[in-house]
Amino acid sequence: MKTYTLITGASSGIGAAIARRLGGERSLILGCRDAAKVNDEGRHLVWAHDLNDVAGISASLGSFLETHQATVDCFVHSAGVVKVMPARLSDFAAVQEVMNVNVLSAFQVVATLLKKHNKGVLRNLLFISSTYSIKGVKGQAAYAASKGALDAMMQSLAVELAPIRVNSVLPGGVRTPMSERAFTDPKHLEKMKEEYLLRFGEVEDIVNAVEFLLSEKAAWITGQRFVVDGGQTAH
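Residues numbered from 1 in each chain as written. Predicted model: local features only at pLDDT ≥ 70, side-chain atom pairs only at ≥ 80, totals over all residues. Heavy atoms only, no water.

Re the sheet that holds strand β2 (residues 28–32)
Here seven strands make up an open sheet; going across it, the order is β3-β2-β1-β4-β5-β6-β7 and the pairing parallel. The open sheet has two free edges, formed respectively by β3 (45–48) and β7 (225–228), since each of these has just one partner strand. Strand-to-strand twist of the sheet, defined as the mean angle between neighbouring strand axes without regard to direction, takes the value 25°. The sheet contact formed by strand β5 (residues 124–128) and strand β6 (residues 165–171) spans five bridges and is parallel. Within β6, the position partnered with isoleucine 128 by the bridge is valine 169. Across the sheet, helix α3 (residues 92–113) is in contact with β1 (2–8), β3, β4 (70–77) and β5; its angle to β4 comes to roughly 155°. (Pairing = 2+ DSSP bridges. Helix = DSSP H or I, 4+ residues; strand = E, 2+ residues; numbered from the N terminus. Axes fitted to C-alpha atoms, helices over the stretch in contact; angles between N-to-C directions. Contact = heavy atoms within 4.5 Å.)

Here is the structure:
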């Protein structure tokens, strides 16, 4: 059996950056929707599964781990989708996808990793949340709800699963393929300049927090929401 760190959303954005940073020191399982979009030159395992299919996660991941004789000691849930929509125009299918990918899939992955095949190996869970879970934003009710649920789940799992460490990272505005539209809107950029006490965030700022929380330097930290936002929520 070989032990791996599992990262969902590993084909782009923050997830891909986390994989690049951790890949030099750890063996990784790169979770993604499309294996063709992962460019790791065969150095790591790739688990391809659409996380919107929550019901299929347990069988898919369980079979994958058994096939590769793999166990997982650390899980980073970085997969996420955003659907900007006013509440009055909400589409149930879109809201369901946001909840499935952002929070319910994470729960199913954790449940799978706690089963007999991986029992006693898991030691660190880390969820990539958002500052939207603690502040109001127009048109983001579904996304904010999913991230709030993710943080609430994190705190309960920290109590239930100790001494497994469970935390979440709450990024502020960071430029990624998912947030690109906001960074090309002049009005939104001007508003962001007023809100951020430091500079705009970079993906590496989030990766630094992830690397720390997965390390033994954070051995006495669990059940915490780690805000990394350049001071935005303090303003």
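Additional details are given in the paragraphs that follow.
Topic: the pairing of β6
Of all seven residues making up β6, seven are buried, and the element is well covered by its neighbours. Residues Arg165, Asn167, Val169 and Pro171 line one face of β6 and the alternating positions Val166, Ser168 and Leu170 line the opposite face, and both faces are buried. Considered for its hand, the β-α-β crossover made up of β5, helix α4 (residues 141–161) and β6 is right-handed. (Buried < 20%, exposed > 50% of the residue type's maximum accessible area, 1.4 Å probe, protein only. Right-handed = clockwise from strand over helix to strand, strands pointing away.)

Concerning the nonpolar core
Core analysis: the largest hydrophobic core is formed by 33 residues, its most contacted members being Leu6, Ile29, Trp47, Leu113, Leu125 and Phe127. Those elements that provide at least two residues to this core are β1, β3, α2 (57–67), β4, α3, β5 and α4. Examining the composition of this core, we find that seven residues originate from one element, α3, more than from any other. Not counting chain neighbours up to four residues away, the residues in contact with isoleucine 29 comprise Tyr4, Thr5, Leu6, Ile7, Leu45, Trp47, Phe64, Leu65, Ala70 and Val72. Among the nonpolar cores identified, the runner-up in size contains 25 residues, and Ile14, Ile18, Val207 and Val210 belong to it. (Core = buried A, V, L, I, M, F, W, Y, C linked by side-chain atoms within 4.5 Å.)

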